[in-house]
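Observations on the model geometry
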Amino acid sequence: VHTVWDLGWNDSMVIIMAQRLRSELRVIDYIEDSHRTLDWYVAELRERHYNWGTDFLPHDAAHGDFKTGRSTKDLLKRLGRKSIKLTPNVGIEHGIKAARMSFGQCYFDRDKTARLVECLKRYRRGVPVTTGEPGKPVHDEFSHGADGFRYLALVADQMGNDDERVIPRVATRQPYDRAMGY
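For clarity, every value in this text was computed on a predicted model and none was experimentally measured. Every chain begins its residue count from 1, and numbering advances along the sequence as written. Confidence filtering applies because this is a predicted model: local features only for residues at pLDDT of at least 70, side-chain atom pairs given and counted only at 80 or more, and all residues used for totals across whole chains, interfaces and linings. The side-chain quantities take in all heavy atoms of the structure and omit both hydrogens and water.

Description of the pattern of salt bridges
The test is simple: Salt bridge criterion: a side-chain nitrogen from Lys or Arg within 4 Å of a carboxyl oxygen from Asp or Glu. Secondary structure elements are taken from DSSP: a helix is a run of H or I of four residues or more, a strand is a run of E of two residues or more, and numbering for both begins at the N terminus. Exposed residues in this analysis have more than 50% of their type's maximum accessible area, buried residues have under 20%, and partly exposed residues fall in between, with area computed by a 1.4 Å probe over protein chains only.
All chains considered together, the criterion is met by 11 salt bridges. The salt bridge partner of Glu118 is Arg122, with a shortest N-O separation of 2.5 Å. Of this pair, Glu118 and Arg122 both sit in helix H4 (residues 114–122), 4 residues apart, which is roughly one turn of that helix. Linking Asp147 and Arg150 is a salt bridge whose minimum nitrogen-to-oxygen distance equals 3.0 Å. With Asp147 and Arg150 both in helix H5 (residues 143–155) and 3 residues apart, the pair spans about one turn of that helix. Judged on exposure class, the residue Asp147 and its partner Arg150 are both buried. One salt-bridge network, in which partners are shared between bridges, spans Asp29, Glu44 and Arg48.

Focus: the side chain of Ser71
Going by this rule: Note on contacts: a residue pair qualifies if any of its non-hydrogen atoms lie within 4.5 Å across the two residues.
As for its placement among the helices and strands, Ser71 is situated in the loop between strand E4 (54–57) and helix H2 (72–78). Those residues in contact with Ser71 that lie beyond four places of it in its chain are Ala61, Ala62, His63 and Gly64.

A few points about the packing of aromatic side chains
Cut-off, in case you're wondering: In this analysis, rings of Phe, Tyr and Trp, with Trp reduced to its six-membered ring, are considered paired at centre separations within 6.5 Å, and the interplanar angle assigns stacked below 30 degrees, edge-to-face beyond 60, and tilted for intermediate values. Consider the ring centre and the ring normal. A charge sits over the ring if Lys NZ or Arg CZ is within 6 Å of that centre and within 35 degrees of that normal.
Using the criterion set out here, one finds 4 aromatic pairs in the structure. Where Trp40 meets Tyr41, the ring centres are 5.0 Å apart and the plane angle is 85°; that geometry is what we call edge-to-face. Classification of Tyr41 as buried rests on a relative accessible area of 0%. A cation sits over an aromatic face here: Arg36 above Trp40, 4.3 Å from the ring centre. The side chain of Arg81 reaches across the aromatic face of Trp52, ending 4.7 Å from its centre.

In structure tokens form, the structure reads like this:
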């Protein structure tokens, strides 16, 4: 299970949990909250007991905080997150196009991702009265989930199912035994 983050404090922090299976993108879980520390989010992830893949963070997660000098990426590594990559720093329009193109591949968990689906339904552009033309996306309570999904679409091709662990092979059936009659 890979995670895709949209960082926030006063604004919502979003973590989307997804799996890649062939051409399918399965969005299986979702966290959205605000005014919580990174250790709280990491504890929430630990409670889920998934086989974790890569954490994809926005490009600005590599920038150090002026108060501590540490980046979000560094802090997450210190909190035990192992594989961390940054999402590409591309324009919003490019990301929106990628998100639109990915919907045909997506499957959403009905219960765990209901809030994310609501955010995607309500994501919209501002339309100035003077021009009547669609402008930039509106920054509101729904934009954070949509931004996280935009990041998900940008990194979906990097999500793999390779695992360093060796999974023992289990026999699927017993060999024929004449003494037992089967």
